[in-house]
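One-letter residues, chain by chain:
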Amino acid sequence: MANIKDVAERAGVSVATVSRVLNGHSPVAETRDRVLAAVHELGYRPNNVARALRTARTGALGLIISDLTNPFFTELADAVEDAARSLGYSLVIGNAGERPEQQDDYIRTLLDRRIDGLLVSSAGTGSAMLREVVASGTPLVLLDRSVPGVDAPCVRADGRAALTELAGHLAALGRRRPAIIVAPAGTPTGDERLALFRTALARHDIPLPDERVGATPDLQPTGGRQVMRGFLDLPEPPDAVLATDNLMALGALDELRARGLRVPDDMALVVYDDVPWFAHTDPPLTAIAQPTRELGRAAVRTLLARIEGSPAESVLLPARLVPRRSCGEPAGG
């Protein structure tokens, strides 16, 4: 069975360098890649129990995802795991299912396992348990969703430029009665996307009245369908709808089809979140894509900085508009 000296010899580095890589103290990328390649080729498995006794670390990170059934969060969790493994860490994942009480149960479980640090994409508007994590001294990084009152860096996408571009895109296509489906009131991401979209539309003299703002009771297709039903029953229904989550968008699409309405002929539809099959629907759905893989890598880097006691700031990565055909774009547009 290979040992750490074998890995060092194969990679052409010192034993100390191998140890630093496996403990997350990464040197330059080229050296780190050589060490990790040697670990893989030799099938080396570090003794995490012994390492924990020496360093008071376990080599494990925790990740709590708000809803693993949501394709965006599934890909985000995969990105976090890839990044953690590339730096020699294992990852323990908990699915909160958008239930704060279930999130708290996972937080307690992960802290009992003495993880080195915790990443949380918070369910709802968070919970007091997150503040307890901060008070305990366990390194914490928020992912995708900020939580008011929790003193921890947050890694998330910035939709400002994409929503500004979307407003101009809709205006250019003659869509003057937009509506928006948002997360339950008080959800930071939902509130922010609403404010940014409303501001962007105002630059084109396009109003977004409260009657065309629909907050779902949940982040599921049923909620999106319920809001779309209300929009279609208005005396003057919208001519474009932005769904600020991919699952809500599917519910909205179901309601349109149930009424015999077609996208984009009768209604434009845009989704905040892009998933691979949106390019293959009929019509292909215009979407705002978040940099999911980059978010996962940035979250792990930020958490490791906190574990090492280094300063760690919040990270904003730009989302981008992906025009397809669901707003009446011309062929090839």
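Everything numeric here is computed off the predicted structure, so don't read it as measured data.

Participant: Can you help me understand helix 10 (residues 221-232) in this one?
Facilitator: One turn of the α-helix equals 3.6 residues, which is why residues spaced by three or four share an orientation. The end-to-end C-alpha distance of helix 10, which contains twelve residues, comes to 16 Å, matching closely the 16 Å that a straight helix rising 1.5 Å per residue would cover. Taken together, the buried positions of helix 10 are Gly223, Gly224, Val227, Met228, Phe231 and Leu232. Lining the buried residues of helix 10 we find strand 6 (178-182), strand 7 (213-215), strand 8 (240-243) and helix 11 (246-258).

Participant: Mind showing me how you'd approach the pairing of strand 3 (residues 117-120) here?
Facilitator: Where burial is concerned, the two faces of strand 3 agree: the one with Gly117 and Leu119 and the one with Leu118 and Val120 are both buried. Direction of pairing for strand 1 (residues 60-65) relative to strand 3: parallel, over a ladder of four bridges. Bridged to Leu61 within strand 3 is Gly117.

Participant: Would you take a moment to explain the sheet that holds strand 9 (residues 268-272) for this structure?
Facilitator: Across a sheet, paired strands are connected by hydrogen bonds in the backbone, their directions being either parallel or antiparallel. Within the open sheet, the six strands sit side by side as 7-6-8-9-10-12. Their pairing is mixed. Pairing within the sheet leaves two strands with one partner each, and these edge strands are strand 7 and strand 12 (320-322). Taking each pair of neighbouring strands and ignoring which way they run, the sheet shows an average axis angle of 20°. Here strand 10 (residues 286-289) runs beside strand 12; their pairing, made up of three bridges, is antiparallel. When the sheet's bridge partners are listed, Ala287 is paired in strand 12 with Val322. In the packing of helix 9 (residues 188-202) onto the sheet, the strands contacted are strand 6, strand 7, strand 8 and strand 9, and the crossing angle to strand 6 comes to about 170°.

Participant: So what exactly am I meant to see when it comes to the packing of helix 5 (residues 71-86) against helix 12 (residues 292-307) here?
Facilitator: When two helices pack together, their arrangement is given by the angle between their axes and by how far apart the axes lie. Where helix 5 meets helix 12, the closest approach of the two axes is 8 Å, and the angle between their N-to-C directions is 45°. With respect to each other, helix 5 and helix 12 are oriented oblique. For the pair helix 5 and helix 12, the sense of crossing is right-handed. Touching Phe72, Glu75, Leu76, Asp78, Ala79, Val80, Asp82, Ala83 and Ala84 of helix 5 are Thr292, Arg293, Leu295, Gly296, Arg297 and Val300, all from helix 12. Taken together, the residues that form the contact of helix 5 with helix 12 break down as eight nonpolar, two polar and five charged.

Cut-offs and rules
Residues numbered from 1 in each chain as written. Predicted model: local features only at pLDDT ≥ 70, side-chain atom pairs only at ≥ 80, totals over all residues. Heavy atoms only, no water. Helix = DSSP H or I, 4+ residues; strand = E, 2+ residues; numbered from the N terminus. Expected span 1.5 Å × (residues − 1). Buried < 20%, exposed > 50% of the residue type's maximum accessible area, 1.4 Å probe, protein only. Contact = heavy atoms within 4.5 Å. Pairing = 2+ DSSP bridges. Axes fitted to C-alpha atoms, helices over the stretch in contact; angles between N-to-C directions. Parallel < 35°, antiparallel > 145°, perpendicular 65-115°, else oblique. Left-handed = near helix turned anticlockwise from the far one by under 90°. Nonpolar A, V, L, I, M, F, W, Y, C, P; charged D, E, K, R; others polar.

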